[in-house]
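Each chain, letter by letter, is given below.
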Amino acid sequence: MRLHIRHATRYSYDQPVPYGLQQIRLTPKPCDSQSIDNWTIDIEGGRQECAFDDQHGNRVQLISLDAGQTEISITCTGDVDTIPTNGVVGLHSGHAPLWYYMRQTALTQPGKLIRKLASDMPENPNTIERLHKLSETIREAIGYETDRTDTGTTAEEALKVGHGVCQDHAHTFVSAARILGFPARYVSGYLMMNDRVHQEASHAWAEAYVADVGWIGFDVSNVISPDERYVRIATGLDYEEAAPIAGIVFGDGAESLLVTLQVQQ
């Protein structure tokens, strides 16, 4: 399947900004399930200072705002060819070793609730079935509901309130999978919806590493493994390491954000 994506992010400020720096991870990652036909990132109101691949193999660009700007926009446009692989994205590669993905972070640090959820998982000689069961269990425990959590909400907090979004589902899966002995990571990307082209936000899911198979994706929010409708952009130990855009801005002005996203076949 060929997916066409247009993702525009615009930051506006009510006062001129003396200095700002954005770190963006918005370039799709080649893997067994996808190949990039073309991809461009256009920047208005700023310029690229440098670009590099991080420890996860994400393409990272550092963008500085032009002095005195009141607006910066980042627009990604491109086509990605995808194939169904039952969620399997390939064997491990990159600079970070597998044991690195057993490390919990502030966002995935398990408390008593996640530890109980993991300990209650039944033993199963089929490790992939066990991971699917974990995904189902988390989806039952955390109902999908917007505006109840934010990017700073931890997995333990989301499980406690019983509500969250894809980010919270992914963090909880990653946390519990690590307890069960699976290297796990957070994934940011896009999902083509069957009933719409325009979307409010990008998507997030998790991946766990299974010996002799490789990394396998689990979209807890939809209780499936990613298929040809999914495009992987960045991976990390948690949201902070895979965030599409993160940065700092100096100045006293208020900031507003407008995001437009289209994903279509």
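Quick note: structure is the one above.
Throughout what follows, the structure given in this document is the object of discussion.

Here is what the cut-offs are and how they apply
Along each chain, the written sequence defines residue order, and numbers are assigned to residues from 1. In view of the model being predicted, local features appear only for residues whose pLDDT reaches at least 70, and side-chain atom pairs are presented and counted only at 80 or more, with totals across whole chains, interfaces and linings using the full set of residues. As a rule here, side-chain values cover all heavy atoms of the structure and leave hydrogens and water aside. Nonpolar core, defined: a set of buried Ala, Val, Leu, Ile, Met, Phe, Trp, Tyr and Cys residues in which side-chain atoms within 4.5 Å join the residues together. Burial here depends on accessible area, computed with a 1.4 Å probe over protein chains only, as a share of the maximum for the residue type. Under 20% is buried, over 50% is exposed, and the range in between is partly exposed. In this text, helices come from DSSP runs of H or I with a minimum length of four residues, and strands from runs of E with a minimum of two, each type numbered from the N-terminal end. Only heavy atoms enter the contact rule, under which two residues are in contact if any of them lie within 4.5 Å. Think of each axis as a best-fit line through the C-alpha atoms, taken over the contacting stretch in the case of a helix, with angles from 0 to 180 degrees between the N-to-C directions. For this classification, under 35 degrees means roughly parallel, over 145 means roughly antiparallel, 65 to 115 means roughly perpendicular, and everything else is oblique. The crossing is said to be left-handed when, going from far helix to near helix, the turn is anticlockwise and less than a right angle, and right-handed when the turn is clockwise. When residue character is reported, Ala, Val, Leu, Ile, Met, Phe, Trp, Tyr, Cys and Pro are called nonpolar, Asp, Glu, Lys and Arg charged, and the others, Gly included, polar. Any residue with an atom within 4 Å of a point lines the site, the site being either a cavity, points on a 1 Å grid over the protein atoms alone where a 1.4 Å probe fits but cannot get out, or a pocket, an open set with protein on both sides within 12 Å along at least 5 of 7 lines. Grid points are joined across faces, edges and corners, and a volume is the space filled by probe spheres set on the points. Here a strand pair is declared whenever DSSP counts at least two bridges between the two strands. The working definition used for a salt bridge is a side-chain nitrogen of Lys or Arg within 4 Å of a carboxyl oxygen of Asp or Glu. Any Phe, Tyr or Trp ring, taking Trp's six-membered ring, that has another such ring centre within 6.5 Å forms a pair; planes under 30 degrees apart are called stacked, those over 60 apart edge-to-face, and the others tilted.

## A short note on the nonpolar core
Point 1. Leu-131, Leu-134, Phe-173 and Tyr-190 are the most contacted members of the largest nonpolar core, which totals 54 residues.
Point 2. A total of 6 residues in this core trace back to one element, the largest contributor, which is helix α4 (residues 166-179).
Point 3. In this structure, Leu-131 is in contact with Phe-173, Ala-177, Phe-182, Ala-208, Val-210 and Phe-218, ignoring residues within four places of it in sequence.
Point 4. Tyr-100, Tyr-209, Trp-215 and Leu-237 belong to the second-largest nonpolar core, a separate cluster that totals 8 residues.

## Focus: the packing of helix α2 (residues 127-141) against α4
Point 1. It is the contact of α2 with α4, at a shortest axis distance of 10 Å, that shows an interaxial angle of 135°. By the criterion of interaxial angle, the relationship of α2 to α4 is oblique. Handedness of the crossing formed by α2 with α4: right-handed. Across from Leu-131, Leu-134, Ser-135, Ile-138 and Arg-139 in α2, the residues of α4 making contact are His-169, Thr-172, Phe-173, Ala-176 and Ala-177.
Point 2. Within the contact of α2 with α4, the residues separate by chemical class into 6 nonpolar, 3 polar and 1 charged.

## Points about the layout of surface pockets
Point 1. The calculated volume of the largest pocket comes to roughly 1200 Å³.
Point 2. Lining the largest pocket are 33 residues, with Cys-166, Glu-200, Ala-201, Ser-202 and His-203 sitting closest to its centre.
Point 3. Of all the secondary structure elements, the ones that give two or more residues to the lining of the largest pocket are β1 (2-17), α4, β10 (184-191), β11 (198-199), β12 (203-210) and β16 (255-264).
Point 4. Along the lines of polarity and charge, the residues of the lining of the largest pocket split into 15 nonpolar, 13 polar and 5 charged.
Point 5. Reported here for the second largest pocket is a volume of approximately 220 Å³.

## Focus: the sheet that holds β1
Whenever strands of a sheet pair, they do so through backbone hydrogen bonds, lying parallel or antiparallel.
Point 1. What the 5 strands build is an open sheet, ordered β3-β6-β1-β16-β11; its pairing is antiparallel. Strands at the two margins of the open sheet, each flanked by one partner only, are β3 (34-44) and β11.
Point 2. Summarising the sheet, β11 and β16 pair through 2 bridges and their orientation is antiparallel. Residue pairing across strands places Gln-199 opposite Leu-261, the latter belonging to β16.

## Side note on the pattern of salt bridges
Point 1. By the definition in use, this model includes 14 salt bridges.
Point 2. Residues Glu-71 and Arg-10 are paired through a salt bridge, measuring 3.8 Å at the closest nitrogen-oxygen approach. Here Glu-71 is found in strand β6 (residues 69-82), whereas its partner Arg-10 is found in strand β1, with 61 residues between them in sequence.
Point 3. Judged by its relative accessible area of 36%, Glu-71 falls in the partly exposed class.
Point 4. On the basis of relative accessibility, which here comes to 35%, the residue Arg-10 falls in the partly exposed class.
Point 5. Notably, a salt bridge pairs Arg-59 with Asp-53, separated by 3.2 Å at the nearest N-O pair.
Point 6. On the basis of relative accessibility, which here comes to 46%, the residue Asp-53 falls in the partly exposed class.
Point 7. Shared partners join several salt bridges into a network, and the residues in it are Arg-2, Asp-37 and Asp-81.

## So, the packing of aromatic side chains
Point 1. Evaluated as defined, the whole model comprises 7 aromatic pairs.
Point 2. Seen in terms of ring centroids, Phe-173 and Phe-218 are 5.1 Å apart; in terms of plane orientation they differ by 25°. Their pairing is stacked. Of this pair, Phe-173 sits in helix α4 while Phe-218 sits in strand β13 (residues 214-218), placing them 45 residues apart in sequence.
Point 3. Taking relative accessible area as the criterion, Phe-173 reaches 0% and is therefore assigned buried.
Point 4. Residue classification places Phe-218 among the buried positions, given a relative accessible area of 0%.
Point 5. Taken together, a centroid distance of 5.1 Å and an interplanar angle of 85° make the contact between Trp-205 and Tyr-230 edge-to-face.

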